[in-house]
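Chains, contacts and geometry: an overview
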Amino acid sequence: MDRTRRPILWTTVAAVVVLAAVGLYLFQPWRLFTTNRVDEAAPVATDQQRVATKPLSTGSFISHEHETSGSVEVQPLAGGKANLRLTDLRTSDGPALHVWLSDQPVEQSGGGNLDDGAHVDLGDLKGNEGNQNYAIPAGTDLGRFSTVTIWCERFSVSFGAAELEQSA
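We now turn to the structure provided with this report. (Residues numbered from 1 in each chain as written. Predicted model: local features only at pLDDT ≥ 70, side-chain atom pairs only at ≥ 80, totals over all residues. Heavy atoms only, no water.)

1. What to know about the overall build of the chain
Applied cut-off: Secondary structure elements follow DSSP: runs of H or I no shorter than four residues count as helices, runs of E no shorter than two count as strands, and numbering proceeds from the N terminus. Relative accessibility decides the category of a residue: with a 1.4 Å probe and only protein chains considered, values under 20% of the type maximum give buried, values over 50% give exposed, and everything between is partly exposed. We call two residues contacting when some pair of their heavy atoms lies within 4.5 Å. To measure how exposed things are, a 1.4 Å probe is used in the Shrake-Rupley method; for residues, cover is taken only from the protein chains shown. Residues counted as positive are Lys and Arg, residues counted as negative are Asp and Glu, and His and the chain ends are not counted. A charge is said to be at NZ when it belongs to Lys, at CZ for Arg, at CG for Asp and at CD for Glu.
Within the chain, the regular secondary structure consists of one helix and 10 strands. Mapped in sequence order, the helices and strands of the chain form the string α-β-β-β-β-β-β-β-β-β-β. Principal-axis analysis of the C-alpha atoms places the extent of the chain at approximately 85 × 30 × 25 Å. Sorting the 168 residues of the chain into buried and exposed places 36% on the buried side. A separation of at least 24 residues holds for 66% of the contacts in the chain among residues at least 6 apart in sequence. Carbon and sulfur atoms make up 56% of the accessible area of the chain, which amounts to about 9700 Å² in all. When the 13 basic and 20 acidic side-chain charges of the chain are each reduced to a single mean position, those positions are 10 Å apart.

2. Description of the pattern of salt bridges
To keep it simple, the criterion reads: By convention in these notes, a salt bridge is any Lys or Arg side-chain nitrogen within 4 Å of a carboxyl oxygen on Asp or Glu.
Tallied over the full model, the rule gives five salt bridges. A salt bridge links E129 to R37; the nearest nitrogen and oxygen atoms lie 3.8 Å apart. Of this pair, E129 sits in strand β7 (residues 129-136) while R37 is found in strand β1 (residues 37-39), placing the two residues 92 residues apart along the sequence. Residue class for E129 comes out buried when judged on its relative accessible area of 13%. Residue R37 is classed as partly exposed on the basis of its relative accessible area of 48%.

3. Some remarks on the pairing of strand β8 (residues 147-152)
Our working definition: DSSP calls a pair of strands paired once it identifies at least 2 bridges connecting them.
With six of six residues buried, β8 is to be regarded as a mostly interior element. Residues T147, T149 and W151 line one face of β8 and the alternating positions V148, I150 and C152 line the opposite face, and both faces are buried. Taken together, the six bridges between strand β5 (residues 97-102) and β8 define a ladder with antiparallel strand orientation. The residue bridging L101 from the neighbouring strand is V148, located in β8. As paired strands, β8 and strand β9 (residues 157-163) are joined by six bridges and run antiparallel to one another. Its bridge partner lying in β9, C152 is registered against V157. Counting the residues that bridge the hairpin from β8 to β9 gives four residues, and of these S156 lies at a positive phi of roughly 55°.

4. Focus on the side chain of T147
Just so we agree on the cut-off: Pairs of N or O atoms are called polar contacts if they sit within 3.5 Å, as long as, within protein, a hydrogen donor faces a hydrogen acceptor (for residues adjacent in sequence, only side-chain-to-side-chain pairs).
Following the sequence through the fold, T147 ends up in strand β8. A distance of 2.6 Å separates a polar side-chain atom of T147 from the backbone oxygen of Q104. Apart from the residues lying within four places of it in its own chain, the contact partners of T147 are W100, L101, S102, Q104, P105, V106, L114, A161, A162, E163 and L164.

5. Some points on the packing of aromatic side chains
Our working rule: Working definition: rings of Phe, Tyr and Trp (its six-membered ring) pair if their centres are within 6.5 Å, and the pair is stacked with planes under 30 degrees apart, edge-to-face with planes over 60 apart, and tilted otherwise. Each ring is checked for a lysine NZ or an arginine CZ that lies within 6 Å of its centre and within 35 degrees of its normal; such an atom marks a charge sitting over the ring.
All told, the structure shown has one aromatic pair when counted by the stated rule. Here W100 and W151 contribute two aromatic rings whose centre-to-centre distance is 4.8 Å and whose plane-to-plane angle is 15°, an arrangement assigned as stacked. With W100 in strand β5 and W151 in strand β8, this pair connects stretches of sequence that are 51 residues apart. Here W100 and W151 have matching classes, each one buried. Of note, K126 hangs over the ring of Y134, and the distance from its end group to the ring centre comes to 4.7 Å.

6. Thoughts on a nonpolar patch on the surface
Selection rule: Residues qualify for a patch when their relative accessible area is over 30% and they have no salt bridge, like charges being joined within 9 Å and the nonpolar side chains of Val, Leu, Ile, Met, Phe, Trp and Tyr within 5 Å.
A cluster of nonpolar residues, V18, V22, Y25, L26, F27 and F155, forms a patch on the protein surface that exposes about 570 Å² of accessible area. Looking at the secondary structure, you find F27 in helix α1 (residues 6-27). Residue F27 is classed as exposed on the basis of its relative accessible area, which comes to 52%.

Remember that the coordinates give geometry; whether it matters functionally is a separate question.
Here it is, written out as structure tokens:
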């Protein structure tokens, strides 16, 4: 190889290495093959609360960007608080996954609309499989937020979402 081609070769190799490193950081492809199972017990009702053990609303996940299944319910707690419970959740592991309440409707084809309106971030997804609890902040208007989504903040996509139906 002559001396005029060496700088071009090293520049190309350096660019490929940098692009590969950035791509690995952003996409974290190994997470497609990892599972983080969480099995939290449902919150235990106190004696005073046993009357109000019926969920406020329920729903079932549909898939968006990744295959997602399981059910969700909003459970009343003492003092006007509420808990979001994910049951039998199964989805892909991914970077920067959060559980959101959204005021946008669930669309069967996509779910990219779920960040268009208001949302309440309930925190990082604890695991991509299992049963999990998330505290809903006091004062959250549960009549306004009709959707639960597993939201990937890094790529602004919904892995899956559930439309909440109010209990009668």
